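# Structure at a glance
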Amino acid sequence: MSGIDRSGGQLLEIGLGTELERANAEGRASRPPRRRIHLSPGARTSLIVSYLILIAIALIYIYPFLLSIAGSFKTDDDASQNPLSLLPQTWSFAAYERLFTTVPLLQWAGNSAFITVIVTTCRVFFDSLAGYALSRLKFRGRSAIFATLIAIMAVPNVVLLIPRFLILKELGLYNSYAGMIIPIIIDAAGIFIMKQFFESIPVSVEEAARIDGAGVFRTFWTIVLPMARPALITLFILSFQGSWNEFGHFLISRQDANLDTLTVGVASLTSGQLGSGNQYPLKLAAAVLMSIPVAVLFFIFQKRIMSTSEGGEKG
């Protein structure tokens, strides 16, 4: 019996191998042949020149960041004498050591992380709700609200700083986490992004859900919102970056040093409040560490940034 089982297993393996080879052959036959693109000498030259121009532009944009990294490893004298050099004469980690010993960097980072997580979560949720309401719900004054939203986007944030300060003082929210978080949990630009994306999703998808008995919020939460993933990722990145790099609002909404965020703390370093001398390496080291979370987030999600036509295609 064992010999029969062994021979049967061998026949089965041979049969499966034959089927796999046949399937692979059919797959190769169904694939269209790859065609090589032959460029004329002029077109090849234009392509090379275009790439060189793009590389030059990229270097122009990345050079200041490289200077920041190199300057953070310099000494104070080297940073003053050779500010544009990408290679420190003497490599020094003194700036980073000071950031984690004498400068309350971890406290600043903790405040920034706490505020950024809450603000980003609230913006993604509330901006999506508002964008869906402006896109799908029919109510009186919808056009006026959307026009007001566009007008708010045109107003510089610095104009709103003094009114925000006065309102926070009157409401008793000044110098608190609530005063730093509540005024920025909704963003006009985020509402606009979500509204435009929701309008690209076919209404027939929601009509089918309503026929099945789904309410407005359930239709939004279980049907429409998952289809808006590209817009949500875009809004998430913009909200994280905006709240992490926010400076003006945090400057006027608190006075206690224990509530300082990274932006306010780095600004205090730049103004020389925490020491004498130029302190270029210390300032650059703080700026480099501050930019890491946003850079990592962008590189992780850069391939999923919103495509305005994706919602309609999925429908």
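The present account deals with the structure reproduced in this document.

What counts and how
Residues numbered from 1 in each chain as written. Predicted model: local features only at pLDDT ≥ 70, side-chain atom pairs only at ≥ 80, totals over all residues. Heavy atoms only, no water. Helix = DSSP H or I, 4+ residues; strand = E, 2+ residues; numbered from the N terminus. Buried < 20%, exposed > 50% of the residue type's maximum accessible area, 1.4 Å probe, protein only. Contact = heavy atoms within 4.5 Å. Areas by Shrake-Rupley, 256 points an atom, 1.4 Å probe, with all protein chains shown as cover. Core = buried A, V, L, I, M, F, W, Y, C linked by side-chain atoms within 4.5 Å. Phe/Tyr/Trp six-rings, centres within 6.5 Å; stacked < 30°, edge-to-face > 60°. Lys NZ or Arg CZ within 6 Å of the ring centre and 35° of its normal. Axes fitted to C-alpha atoms, helices over the stretch in contact; angles between N-to-C directions. Left-handed = near helix turned anticlockwise from the far one by under 90°. Nonpolar A, V, L, I, M, F, W, Y, C, P; charged D, E, K, R; others polar. Salt bridge = Lys/Arg side-chain N within 4 Å of Asp/Glu carboxyl O. Parallel < 35°, antiparallel > 145°, perpendicular 65-115°, else oblique.

### Description of the overall build of the chain
Counting its regular elements, the chain contains 16 helices and zero strands. Put simply, the chain has 315 residues, and 31% of those count as buried. Here the contacts in the chain between residues at least 6 apart in sequence split such that 74% fall between residues at least 24 apart. Summing over all exposed atoms, the chain offers an accessible surface of approximately 19,700 Å²; the carbon and sulfur share of this is 65%.

### What about the side chain of T120?
You can see T120 is positioned in helix α5 (residues 105-136). Excluding anything up to four places from it in sequence, T120 contacts F236, S239, F240 and S243.

### Points about the nonpolar core
Within the largest apolar cluster, 19 residues are counted, with the highest numbers of intra-cluster contacts made by L99, V103, W108, W244, L262 and L269. At the level of secondary structure, the elements contributing two or more residues to this core comprise α4 (94-99), α5, α12 (229-244), α14 (262-270) and α15 (280-301). The biggest single contributor to this core is α15, with seven residues. Those residues in contact with L262 that sit more than four places away from it in its chain are L105, W108, A109, S112, W244 and M290. By size, the runner-up hydrophobic cluster in this structure holds 14 residues, among which are M194, F198, I201 and A228.

### Looking at the packing of aromatic side chains
In this structure the tally under the stated criterion is 16 aromatic pairs. Relative to W91, the ring of F73 has its centre 5.7 Å away and its plane inclined at 50°; by these criteria the two rings are tilted. Separated by 18 residues along the polypeptide, F73 in the loop between α2 (41-72) and α3 (76-81) and W91 in the loop between α3 and α4 bring together distant segments of the chain. Residue classification places W91 among the exposed residues on the basis of a relative accessible area of 53%. Among the aromatic residues, those joined into a cluster by ring pairs are F125, F126, Y132, F198, F217, F220 and W221. Its end group placed over the ring of F146, K195 keeps NZ or CZ at 4.3 Å from the ring centre.

### Some points on the packing of α5 against α12
Following both chains from N to C, one finds α5 and α12 inclined at 145°, their axes separated by 9 Å at the closest point. Crossing angle aside, the handedness with which α5 passes α12 is right-handed. Between α5 and α12, the contacting residues are S112, A113, T116, V119, T120, R123, V124, D127 and S128 on the first element and L232, L235, F236, S239, F240, S243 and W244 on the second. Residues that form the contact of α5 with α12 fall into these classes: eight nonpolar, six polar and two charged.

### Quick word on the pattern of salt bridges
Under the counting rule described, the total for this entry stands at four salt bridges. The shortest N-O distance in the salt bridge between R136 and E206 comes to 2.4 Å. Separated by 70 residues along the polypeptide, R136 in helix α5 and E206 in helix α10 (residues 203-211) bring together distant segments of the chain. By relative accessible area, which is 14% here, R136 ends up buried.

### So, the packing of α5 against helix α9 (residues 188-198)
Their axes nearest at 7 Å, the elements α5 and α9 cross at an angle of 50°. Our classification of the angle between α5 and α9 gives oblique. With respect to the hand of their crossing, α5 and α9 are arranged in right-handed fashion. Side by side, α5 and α9 meet where D127, S128, A130, G131, Y132, L134, S135 and R136 of the first sit next to G190, I191, M194, K195 and F198 of the second.

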